[in-house]
Amino acid sequence: MQRILVLAAVLICAPLVAARADDDEPKLNVGDRAPKFEVREFVKGDAVKELAKGKTHVIEFWATWCGPCRVSIPHISELQKKHPDVNFIGVSVFERDFDKVKPFVKDMGDKMAYRVAVDAVPEGKEADEGAMARGWMEAAGQSGIPTAFIVNPEGVIAWIGHPMEMEKPLEAVIAGKWDVKAEAVRAKEARVRERKLRALIAKIQKAQDDGDSKAMIAAIDAAIKDDPKFEPMLGRVKFEALATLGDVEAALTYGRKLVDDLYKEDAGQLNELAWSLIDPDREKKADAKLVKLALNAAKKGVDLTKGKDANLLDTLACAYFADGNVAKAIETQEQALKLRPDDEELKAHLEKFKKALKNEK
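Presented here is an overview of the structure given in this document. Since the structure is predicted, the reported quantities are computational estimates derived from the model, not experimental observations.

Each aromatic ring pair is characterised by the separation of its centres together with the angle its planes make. In total, this model carries six aromatic pairs according to the counting rule given. Both rings, one in Phe 61 and one in Trp 136, keep their centres 6.2 Å apart while their planes meet at 50 degrees; by these two values the pair is tilted. Of this pair, Phe 61 sits in strand S2 (residues 57-62) while Trp 136 is found in helix H4 (residues 131-138), placing the two residues 75 residues apart along the sequence. Assigned by exposure class, Phe 61 and Trp 136 land together as buried. Ring plane angle 80 degrees and centroid distance 5.3 Å describe the contact between Trp 136 and Phe 149, whose orientation is recorded as edge-to-face. Highlighted residues: Trp 136 in helix H4 and Phe 149 in strand S5 (residues 147-151), separated in sequence by 13 residues. Note on Phe 149: relative accessible area 0%, which makes it buried. Taken together through their ring pairs, the aromatic side chains of Phe 61, Trp 136 and Phe 149 make up a single cluster. Note that Arg 96 overlies the ring of Trp 65, its terminal NZ or CZ placed 4.3 Å from the centroid. Above the face of the Tyr 254 ring, Lys 238 is positioned so that its terminal group lies 4.4 Å from the ring centre.

Structure (structure tokens):
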């Protein structure tokens, strides 16, 4: 399975359209009227010609080649099922080949249980020149997918963000309890923070390229001191830098803070932290104390996802294996395979565990 590189994880949405100047504010913001809804065609569900007032709409931008988009699709389907009166529309943008959209949606079947449309790209133009890509994504300064826009019954953009973070804002919008003005202020502050973060990432990347873990940690500590809200984003980078330095006790202390506090409700971060320590392809085996930390993080992640995430179960199985509990590793990996029976990597891990158990006997 694909795992997110630690620095890439800080900025999950990779640049897909031209970045605006640091001092430029986007033309389209939370609190503004929703732009014109203009797509080429609907490939699933009843067509929607305009975003009618009196109804809540979720416009989610995705592409067939986008891995994170595939992860968010089942979540969006669950939200559509939970809120049948909301119009969820997945708009395919930035496609390398728009002819792949219909087959993709067909293959997804009930896993993609909401309306799906294709961006209106003028003849002879590039994929990022579509009406929705330009009028919504680029206008809002959004450079990566998946990205969702919640449009309230008044036709105003109430929220913009990652689909996996949409549930609570959506419920508040539906209940009429969402403060659009407050969200507009928060979004503006987030843009300022993002500009700072991008500059910081460049500094951290240079230190990493130079093999200077101490400089990485110093830069991160300074950034967190300036703005504590950076810590959830940068915490895992700092943790891995500490582990790289070989400072087991410092890494263990900080890792516990991440697992028990900062990431306690974030299954994805718990998964990535654990995997960084017990990845079978890791060059150097992690210290036994850090393996225990990974095991704890993976268990918490599995609990958060109620044992329904194959990736997390695989991570937990590998953590059990790294910790020497081969029988438990096999049991857990078999649970993962029940969720994804055709996954060759999961099968390979299970065979490895079984072979190790046989050798023990």
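Let us look at helix H8 (residues 231-245). Between its first and last C-alpha atoms H8 spans 20 Å; for 15 residues at 1.5 Å apiece the expected length is 21 Å, and the two agree. Among all positions in H8, only Glu 231, Leu 234, Gly 235, Arg 236, Val 237, Lys 238, Phe 239, Ala 241 and Leu 242 are buried. Just past H8, the residue Gly 246 takes up positive phi, approximately 85 degrees.

Before going further, it helps to examine the pattern of salt bridges. If you walk through the whole model with that rule in mind, you get 22 salt bridges. Two residues, Glu 41 and Arg 40, come together in a salt bridge whose shortest N-O distance is 3.2 Å. Under the relative-accessibility criterion, Arg 40 is labelled partly exposed at 46%. Across the pair Arg 340 and Asp 343 runs a salt bridge whose closest N-O atoms are separated by 2.9 Å. Residue Arg 340 is classed as partly exposed on the basis of its relative accessible area of 30%.

Let's shift gears to the sheet that holds strand S3 (residues 87-92). With mixed pairing, six strands are arranged side by side in an open sheet as S1-S4-S3-S2-S5-S6. The two strands at the open ends of the sheet, each matched to only one other strand, are strand S1 (39-44) and strand S6 (157-161). The mean inter-strand angle of the sheet, taken between neighbouring strand axes irrespective of direction, is 25 degrees. Along the sheet face, H4 touches S1, S2, S3, strand S4 (115-119) and S5 and points at about 110 degrees away from the line of S2.

Describing two packed helices takes the angle between their axes plus the distance from one axis to the other. Viewed as axis vectors pointing N to C, helix H6 (residues 180-209) and H8 meet at an angle of 10 degrees, and their least axial separation amounts to 12 Å. Regarding the angle of H6 to H8, the classification is roughly parallel. For the pair H6 and H8, the contacting residues are Arg 193, Leu 197, Leu 200, Ile 201 and Ile 204 in the first and Met 233, Leu 234 and Val 237 in the second. Looking at the contact of H6 with H8 residue by residue, the class counts come to seven nonpolar, no polar and one charged.

This part covers the nonpolar core. Residues Ile 204, Leu 234, Phe 239, Leu 273, Leu 277, Leu 290 and Leu 293 are the most contacted members of the largest nonpolar core, which totals 56 residues. Discounting chain neighbours no more than four positions away, the residues touching Leu 277 are Phe 239, Arg 282, Ala 286, Leu 290, Leu 293 and Ala 294. Counting residues in each nonpolar core, the second largest holds 55 residues, with Leu 28, Val 39, Val 105 and Val 173 among its members.

Cut-off values and rules
Residues numbered from 1 in each chain as written. Predicted model: local features only at pLDDT ≥ 70, side-chain atom pairs only at ≥ 80, totals over all residues. Heavy atoms only, no water. Phe/Tyr/Trp six-rings, centres within 6.5 Å; stacked < 30°, edge-to-face > 60°. Helix = DSSP H or I, 4+ residues; strand = E, 2+ residues; numbered from the N terminus. Buried < 20%, exposed > 50% of the residue type's maximum accessible area, 1.4 Å probe, protein only. Lys NZ or Arg CZ within 6 Å of the ring centre and 35° of its normal. Expected span 1.5 Å × (residues − 1). Salt bridge = Lys/Arg side-chain N within 4 Å of Asp/Glu carboxyl O. Pairing = 2+ DSSP bridges. Axes fitted to C-alpha atoms, helices over the stretch in contact; angles between N-to-C directions. Contact = heavy atoms within 4.5 Å. Parallel < 35°, antiparallel > 145°, perpendicular 65-115°, else oblique. Nonpolar A, V, L, I, M, F, W, Y, C, P; charged D, E, K, R; others polar. Core = buried A, V, L, I, M, F, W, Y, C linked by side-chain atoms within 4.5 Å.

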